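Structure at a glance
Single-letter residue listing:
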Amino acid sequence: MKTVKVRNTVIGEGIPKICVPIVGVTKADILEEAKALHELPVDVVEWRIDWFEDVFNIDKLLDALKDLRAELGDLPILMTFRTSKEGGEKSIDAETYAALNIRAAESGLIDLVDVEIFTGDEVVTRIIKGAHAAGVKVVASNHDFDKTPDKDDIVSRLRKMQDMDADIPKIAVMPRNKKDVLTLLSATEEMASEYADRPIITMSMAGTGVISRLCGEVFGSALTFGAAKKASAPGQMSVKDLNTVLTLLHNAL
(Lines give C-alpha, C1' and ligand atoms only; values in the text may rest on other atoms or scores of the structure.)
Protein backbone atom coordinates (compact mmCIF):
# COMPACT_ATOMS: atom_id res chain seq x y z
CA MET A 1 0.00 0.00 0.00
CA LYS A 2 1.42 3.35 -1.05
CA THR A 3 1.11 6.23 1.38
CA VAL A 4 0.55 9.85 0.38
CA LYS A 5 2.91 12.40 1.92
CA VAL A 6 1.89 16.07 1.91
CA ARG A 7 4.38 18.30 3.68
CA ASN A 8 4.98 16.59 7.03
CA THR A 9 1.76 14.56 7.03
CA VAL A 10 1.69 10.94 5.84
CA ILE A 11 -1.78 9.73 4.88
CA GLY A 12 -2.27 5.97 4.89
CA GLU A 13 -0.30 4.89 7.95
CA GLY A 14 -1.04 4.85 11.67
CA ILE A 15 -3.92 6.80 13.16
CA PRO A 16 -6.33 8.20 10.54
CA LYS A 17 -5.44 11.81 9.85
CA ILE A 18 -7.85 14.58 10.86
CA CYS A 19 -8.96 17.08 8.23
CA VAL A 20 -10.79 20.25 9.25
CA PRO A 21 -12.84 22.31 6.77
CA ILE A 22 -12.70 26.09 6.48
CA VAL A 23 -16.05 27.40 5.29
CA GLY A 24 -15.69 31.19 5.61
CA VAL A 25 -17.56 33.40 3.15
CA THR A 26 -15.20 36.39 3.19
CA LYS A 27 -11.41 36.45 3.14
CA ALA A 28 -11.41 37.83 6.68
CA ASP A 29 -13.66 34.96 7.86
CA ILE A 30 -11.39 32.41 6.19
CA LEU A 31 -8.23 33.75 7.82
CA GLU A 32 -9.94 33.97 11.20
CA GLU A 33 -10.94 30.31 10.95
CA ALA A 34 -7.40 29.39 9.92
CA LYS A 35 -5.90 31.22 12.91
CA ALA A 36 -8.07 29.21 15.32
CA LEU A 37 -6.69 25.91 13.98
CA HIS A 38 -3.24 26.43 15.51
CA GLU A 39 -4.52 25.26 18.89
CA LEU A 40 -6.15 22.08 17.57
CA PRO A 41 -4.91 18.58 16.62
CA VAL A 42 -5.27 19.08 12.86
CA ASP A 43 -3.33 17.20 10.14
CA VAL A 44 -4.89 18.64 6.96
CA VAL A 45 -7.00 21.74 6.29
CA GLU A 46 -9.73 21.63 3.64
CA TRP A 47 -10.55 25.02 2.16
CA ARG A 48 -14.11 24.74 0.86
CA ILE A 49 -13.89 27.39 -1.82
CA ASP A 50 -17.52 26.93 -2.84
CA TRP A 51 -18.34 28.97 0.31
CA PHE A 52 -16.01 31.84 -0.70
CA GLU A 53 -17.86 34.90 -2.04
CA ASP A 54 -15.20 35.64 -4.68
CA VAL A 55 -14.54 32.08 -5.81
CA PHE A 56 -15.16 32.87 -9.49
CA ASN A 57 -12.62 35.72 -9.51
CA ILE A 58 -9.36 33.83 -9.94
CA ASP A 59 -7.19 36.79 -8.84
CA LYS A 60 -9.14 37.20 -5.59
CA LEU A 61 -9.14 33.45 -5.06
CA LEU A 62 -5.35 33.24 -5.41
CA ASP A 63 -4.91 36.32 -3.23
CA ALA A 64 -6.96 34.69 -0.45
CA LEU A 65 -5.08 31.45 -0.97
CA LYS A 66 -1.72 33.22 -0.63
CA ASP A 67 -2.72 34.68 2.74
CA LEU A 68 -4.24 31.37 3.85
CA ARG A 69 -1.01 29.56 2.97
CA ALA A 70 0.97 32.08 5.03
CA GLU A 71 -1.39 31.71 8.01
CA LEU A 72 -1.36 27.91 8.00
CA GLY A 73 2.40 27.57 7.68
CA ASP A 74 3.28 23.93 7.05
CA LEU A 75 -0.24 22.50 7.43
CA PRO A 76 -1.29 20.83 4.15
CA ILE A 77 -4.14 22.50 2.26
CA LEU A 78 -6.79 20.47 0.41
CA MET A 79 -8.73 22.80 -1.89
CA THR A 80 -12.29 21.73 -2.62
CA PHE A 81 -15.04 23.19 -4.77
CA ARG A 82 -17.97 21.04 -3.66
CA THR A 83 -20.61 21.45 -6.33
CA SER A 84 -24.28 21.92 -5.50
CA LYS A 85 -25.11 18.57 -7.08
CA GLU A 86 -22.93 16.88 -4.44
CA GLY A 87 -24.03 18.97 -1.45
CA GLY A 88 -21.97 22.13 -2.00
CA GLU A 89 -22.89 25.79 -1.96
CA LYS A 90 -22.66 26.70 -5.66
CA SER A 91 -23.08 25.25 -9.11
CA ILE A 92 -20.31 25.50 -11.69
CA ASP A 93 -19.85 24.42 -15.30
CA ALA A 94 -17.26 21.76 -16.07
CA GLU A 95 -14.86 24.02 -17.97
CA THR A 96 -14.73 26.62 -15.21
CA TYR A 97 -14.35 23.85 -12.64
CA ALA A 98 -11.36 22.42 -14.50
CA ALA A 99 -9.69 25.78 -15.09
CA LEU A 100 -10.12 26.88 -11.47
CA ASN A 101 -8.68 23.66 -10.02
CA ILE A 102 -5.73 23.54 -12.41
CA ARG A 103 -4.84 27.22 -11.87
CA ALA A 104 -4.89 26.73 -8.11
CA ALA A 105 -2.69 23.64 -8.41
CA GLU A 106 -0.23 25.53 -10.60
CA SER A 107 -0.01 28.34 -8.03
CA GLY A 108 2.11 26.19 -5.72
CA LEU A 109 -0.08 27.22 -2.79
CA ILE A 110 -2.08 24.01 -2.29
CA ASP A 111 -1.03 20.44 -1.58
CA LEU A 112 -4.15 18.51 -2.58
CA VAL A 113 -7.17 19.20 -4.76
CA ASP A 114 -10.59 17.52 -4.61
CA VAL A 115 -12.08 16.35 -7.92
CA GLU A 116 -15.63 15.00 -8.12
CA ILE A 117 -15.22 11.78 -10.08
CA PHE A 118 -18.57 11.98 -11.91
CA THR A 119 -17.88 15.42 -13.41
CA GLY A 120 -17.07 13.64 -16.68
CA ASP A 121 -14.11 11.41 -17.47
CA GLU A 122 -12.42 13.83 -19.90
CA VAL A 123 -12.58 16.76 -17.48
CA VAL A 124 -11.55 14.64 -14.50
CA THR A 125 -8.56 13.22 -16.41
CA ARG A 126 -7.50 16.75 -17.41
CA ILE A 127 -7.67 17.99 -13.82
CA ILE A 128 -5.78 14.98 -12.44
CA LYS A 129 -3.03 15.33 -15.05
CA GLY A 130 -2.83 19.09 -14.50
CA ALA A 131 -2.61 18.70 -10.74
CA HIS A 132 0.04 15.98 -10.96
CA ALA A 133 2.09 18.06 -13.39
CA ALA A 134 2.08 20.80 -10.75
CA GLY A 135 3.12 18.38 -7.99
CA VAL A 136 -0.32 18.43 -6.34
CA LYS A 137 -2.05 15.27 -5.07
CA VAL A 138 -5.65 14.49 -6.02
CA VAL A 139 -8.52 13.37 -3.81
CA ALA A 140 -11.22 11.95 -6.12
CA SER A 141 -14.61 12.15 -4.45
CA ASN A 142 -18.23 11.15 -4.64
CA HIS A 143 -21.05 12.14 -2.26
CA ASP A 144 -24.51 10.61 -2.09
CA PHE A 145 -26.74 12.61 0.24
CA ASP A 146 -29.82 10.53 -0.53
CA LYS A 147 -28.84 6.96 0.19
CA THR A 148 -26.16 4.32 0.67
CA PRO A 149 -25.48 2.42 -2.56
CA ASP A 150 -24.98 -1.33 -2.27
CA LYS A 151 -21.53 -2.65 -1.37
CA ASP A 152 -20.49 -3.58 -4.90
CA ASP A 153 -21.45 -0.14 -6.17
CA ILE A 154 -19.41 1.61 -3.47
CA VAL A 155 -16.38 -0.57 -4.23
CA SER A 156 -16.85 0.03 -7.97
CA ARG A 157 -16.85 3.81 -7.51
CA LEU A 158 -13.69 3.71 -5.40
CA ARG A 159 -11.96 1.46 -7.94
CA LYS A 160 -12.91 3.86 -10.74
CA MET A 161 -11.18 6.68 -8.84
CA GLN A 162 -8.07 4.54 -8.40
CA ASP A 163 -8.10 3.50 -12.06
CA MET A 164 -8.23 7.17 -13.06
CA ASP A 165 -5.03 7.75 -11.07
CA ALA A 166 -6.42 9.76 -8.17
CA ASP A 167 -4.00 9.61 -5.23
CA ILE A 168 -6.79 9.15 -2.66
CA PRO A 169 -10.28 7.83 -3.53
CA LYS A 170 -13.03 9.18 -1.25
CA ILE A 171 -16.74 8.41 -0.88
CA ALA A 172 -19.37 9.74 1.54
CA VAL A 173 -22.86 8.24 1.68
CA MET A 174 -26.08 8.85 3.61
CA PRO A 175 -27.43 6.00 5.75
CA ARG A 176 -31.17 5.43 6.02
CA ASN A 177 -30.68 2.88 8.80
CA LYS A 178 -27.94 1.13 10.79
CA LYS A 179 -27.53 -1.62 8.19
CA ASP A 180 -26.47 1.03 5.68
CA VAL A 181 -23.57 1.94 7.97
CA LEU A 182 -22.50 -1.71 7.99
CA THR A 183 -22.69 -1.72 4.18
CA LEU A 184 -20.32 1.25 4.01
CA LEU A 185 -17.89 -0.33 6.48
CA SER A 186 -17.98 -3.66 4.66
CA ALA A 187 -17.28 -1.95 1.34
CA THR A 188 -14.41 -0.04 2.96
CA GLU A 189 -12.84 -3.23 4.29
CA GLU A 190 -13.22 -5.00 0.94
CA MET A 191 -11.71 -2.11 -1.03
CA ALA A 192 -8.84 -1.67 1.43
CA SER A 193 -7.96 -5.35 1.70
CA GLU A 194 -8.58 -6.57 -1.86
CA TYR A 195 -8.19 -3.71 -4.34
CA ALA A 196 -6.61 -0.54 -2.96
CA ASP A 197 -2.92 0.15 -3.54
CA ARG A 198 -3.25 3.64 -2.02
CA PRO A 199 -5.09 5.29 0.90
CA ILE A 200 -8.88 5.59 0.71
CA ILE A 201 -11.35 7.75 2.62
CA THR A 202 -14.91 6.61 3.36
CA MET A 203 -17.66 7.79 5.63
CA SER A 204 -21.30 7.30 6.44
CA MET A 205 -22.88 10.67 7.18
CA ALA A 206 -25.26 12.05 9.82
CA GLY A 207 -25.53 10.89 13.42
CA THR A 208 -26.33 7.33 12.40
CA GLY A 209 -23.04 7.07 10.53
CA VAL A 210 -20.77 8.84 13.01
CA ILE A 211 -19.14 5.55 14.03
CA SER A 212 -17.66 5.34 10.52
CA ARG A 213 -15.72 8.56 11.19
CA LEU A 214 -14.08 6.95 14.22
CA CYS A 215 -13.14 3.41 13.19
CA GLY A 216 -11.18 4.05 9.99
CA GLU A 217 -8.03 2.43 11.32
CA VAL A 218 -9.95 -0.85 11.79
CA PHE A 219 -11.76 -0.93 8.44
CA GLY A 220 -9.30 0.90 6.19
CA SER A 221 -10.22 4.59 5.92
CA ALA A 222 -7.10 6.77 6.17
CA LEU A 223 -8.55 10.21 6.96
CA THR A 224 -11.58 11.62 8.74
CA PHE A 225 -13.20 15.04 8.88
CA GLY A 226 -13.85 16.99 12.07
CA ALA A 227 -15.32 20.42 12.78
CA ALA A 228 -13.39 23.23 14.44
CA LYS A 229 -16.36 25.59 14.30
CA LYS A 230 -18.98 25.00 11.62
CA ALA A 231 -19.41 21.48 10.23
CA SER A 232 -19.27 21.15 6.45
CA ALA A 233 -21.25 17.88 6.40
CA PRO A 234 -23.79 16.18 8.66
CA GLY A 235 -22.27 14.06 11.42
CA GLN A 236 -18.92 15.79 11.85
CA MET A 237 -17.66 15.72 15.45
CA SER A 238 -15.48 18.34 17.10
CA VAL A 239 -11.79 17.92 16.34
CA LYS A 240 -10.79 17.46 19.99
CA ASP A 241 -13.38 14.72 20.59
CA LEU A 242 -12.42 13.05 17.33
CA ASN A 243 -8.73 13.08 18.25
CA THR A 244 -9.47 11.58 21.69
CA VAL A 245 -11.47 8.66 20.26
CA LEU A 246 -9.03 7.96 17.41
CA THR A 247 -6.15 7.87 19.87
CA LEU A 248 -8.00 5.57 22.30
CA LEU A 249 -8.84 3.13 19.51
CA HIS A 250 -5.31 3.22 18.13
CA ASN A 251 -3.81 2.44 21.53
CA ALA A 252 -6.19 -0.51 21.96
CA LEU A 253 -5.38 -2.13 18.63
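Residues numbered from 1 in each chain as written. Predicted model: local features only at pLDDT ≥ 70, side-chain atom pairs only at ≥ 80, totals over all residues. Heavy atoms only, no water.

1. A look at the sheet that holds strand β5 (residues 77–80)
This is how the line gets drawn: When DSSP locates at least two bridges between a pair of strands, those strands are taken to pair. For the purposes of this entry, the term helix denotes a DSSP run of H or I that reaches at least four residues, the term strand denotes a run of E that reaches at least two, and both are numbered from the N terminus. By the convention used here, residues are in contact when the closest approach between their heavy atoms is within 4.5 Å. Axis lines are fitted through C-alpha atoms, for helices just across the contact stretch, and the angle between N-to-C directions can take any value from 0 to 180 degrees.
With parallel pairing, 9 strands are arranged side by side in an open sheet as β9-β8-β7-β6-β5-β4-β3-β10-β11. If you trace the sheet from one side to the other, it starts and ends with β9 (201–204) and β11 (237–238), each paired once. Across 4 bridges, strand β8 (residues 168–173) lies against β9 in parallel orientation. Across the sheet, alanine 172 pairs through a bridge with methionine 203, a residue of β9. Sheet contacts for helix α5 (residues 151–163): β7 (137–144), β8 and β9; angle to β8, the most-contacted strand, approximately 150°.

2. Quick look at the pattern of salt bridges
Note on pairing: side chains with opposite charge can pair once their charged atoms come close. What counts is decided by this rule: Each reported salt bridge corresponds to a side-chain nitrogen of Lys or Arg within 4 Å of a carboxyl oxygen of Asp or Glu. Only protein chains enter the accessibility calculation, which uses a 1.4 Å probe. A residue is then buried if its area is under 20% of the maximum for its type, exposed if over 50%, and partly exposed in between.
All chains considered together, the criterion is met by 18 salt bridges. Two residues, arginine 126 and glutamate 122, come together in a salt bridge whose shortest N-O distance is 3.1 Å. A residue pair is termed a helical-turn pair when its members lie 3 or 4 positions apart in one helix, as arginine 126 and glutamate 122 do in helix α4 (residues 121–133) at 4 residues. Judged by relative accessible area, which is 29%, arginine 126 ranks as partly exposed. Between aspartate 153 and arginine 157 there is a salt bridge, with the nearest N and O atoms lying 3.1 Å from each other. Of the two residues, aspartate 153 and arginine 157 both sit in helix α5, 4 residues apart, roughly one turn of that helix. Judged by relative accessible area, aspartate 153 falls into the partly exposed class, the value being 30%. Salt bridges here are not isolated pairs; linked through shared partners, they connect Arg7, Arg69, Asp74 and Asp111.

3. Describing the packing of aromatic side chains
Note the following rule: Note on ring pairs: Phe, Tyr and Trp rings are taken, using the six-membered ring of Trp, and paired if centres are within 6.5 Å. Classes follow the plane angle, with under 30 degrees stacked, over 60 edge-to-face and the rest tilted. We count a charge as sitting over a ring when the NZ of a lysine or the CZ of an arginine lies within 6 Å of the ring centre and within 35 degrees of the ring normal.
Scanning all chains against the criterion turns up 3 aromatic pairs. Judged by centre distance (6.4 Å) and plane angle (90°), the rings of phenylalanine 81 and tyrosine 97 are edge-to-face. Residue phenylalanine 81 is located in the loop between β5 and α3 (94–106), and its partner tyrosine 97 is located in helix α3; the two are separated by 16 residues in the primary sequence. Note on accessibility: phenylalanine 81 and tyrosine 97 belong to one class, buried. These aromatic residues form a ring-pair network of at least three members: Phe56, Phe81 and Tyr97. Of note, arginine 159 hangs over the ring of tyrosine 195, and the distance from its end group to the ring centre comes to 3.8 Å.

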